[in-house]
Amino acid sequence: SSGINAEYGHLNIDSEKSKVIHVFRNPKDVVCSLYPHTQSGPRIHFFDFQGTFEDSVEWFLKGGMANGCYWTHNKEYFMNERKYKILHINFEELTLKKRSAIQKINSFLGYGDLAEQQITAVEEATALHQLAPNQVGKPGSARRLLSFEQRSLFDARTEKEFDGIPYIPRSYTDESSYQKQS
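So, here is what we can say about the structure in this document. Computed from a prediction, not measured in an experiment: that's the story for all the values here. (Residues numbered from 1 in each chain as written. Predicted model: local features only at pLDDT ≥ 70, side-chain atom pairs only at ≥ 80, totals over all residues. Heavy atoms only, no water.)

## Overview of the overall build of the protein
What counts here: For helices the rule is a DSSP run of H or I covering at least 4 residues; for strands it is a run of E covering at least 2, with both sets numbered from the N terminus onward. Burial classification: accessible surface area is computed with a 1.4 Å probe over protein chains only, and a residue below 20% of its type maximum counts as buried, one above 50% as exposed, and the rest as partly exposed. Here a residue-residue contact requires only that any non-hydrogen atoms of the pair lie within 4.5 Å. Accessible areas in this description were obtained via Shrake-Rupley with a 1.4 Å probe; residue shielding takes into account the shown protein chains only.
Helix and strand counts for the protein stand at ten helices and two strands. The order of helices and strands in the protein, counted from the N terminus, is β-α-α-α-β-α-α-α-α-α-α-α. Going through the 182 residues of the protein one by one, you find that 41% of them count as buried. Pairs at least 24 apart in sequence give 68% of the contacts found in the protein among residues at least 6 apart. By element, 52% of the accessible surface of the protein is carried by carbon and sulfur atoms, the whole surface being about 10500 Å².

Right, here's the structure in full:
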């Protein structure tokens, strides 16, 4: 068995020629960031959800999301890293440690060293305020939107689903580490 989830087929690519950059994010922040998209503008088919924020938290924890269950989706990439060339990088690293993330991605893609000016240009072009003025996009937004009980449910589910996966930051499963994240 390849471990690829046939329902999604995200990794239906040429394993010899392709490189995959798998960006994953704390599920607590994902649900907070996703919810406004389900409520605004014309209905988009992959945001087929209607309800309150509390309903969306329950929906997400039960596996609801645009492309299926958050945990299943990400495990597909984690479990296939030997078969494919995959760089796992988390959203928090991309936003809170951007310079090192830029260098890591550049190296993975096989390019030479970047000049300081190039790193700065990428850093500026990908600043969160440039990409989306929605403040919910910042890491740690769930601190103000989810209750302690809700965050605890996410922590327990993430710990269970991602047990043994080395790429998962402690802040995804531990409330005190999440509170320290800025």
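What follows continues from the structure just given.
## Details of helix α3 (residues 70-78)
For α3, the buried fraction is high: seven of the nine residues fall into the buried class. Residues Tyr-70, Trp-71, His-73, Asn-74, Glu-76, Tyr-77 and Phe-78 constitute the buried set of α3.

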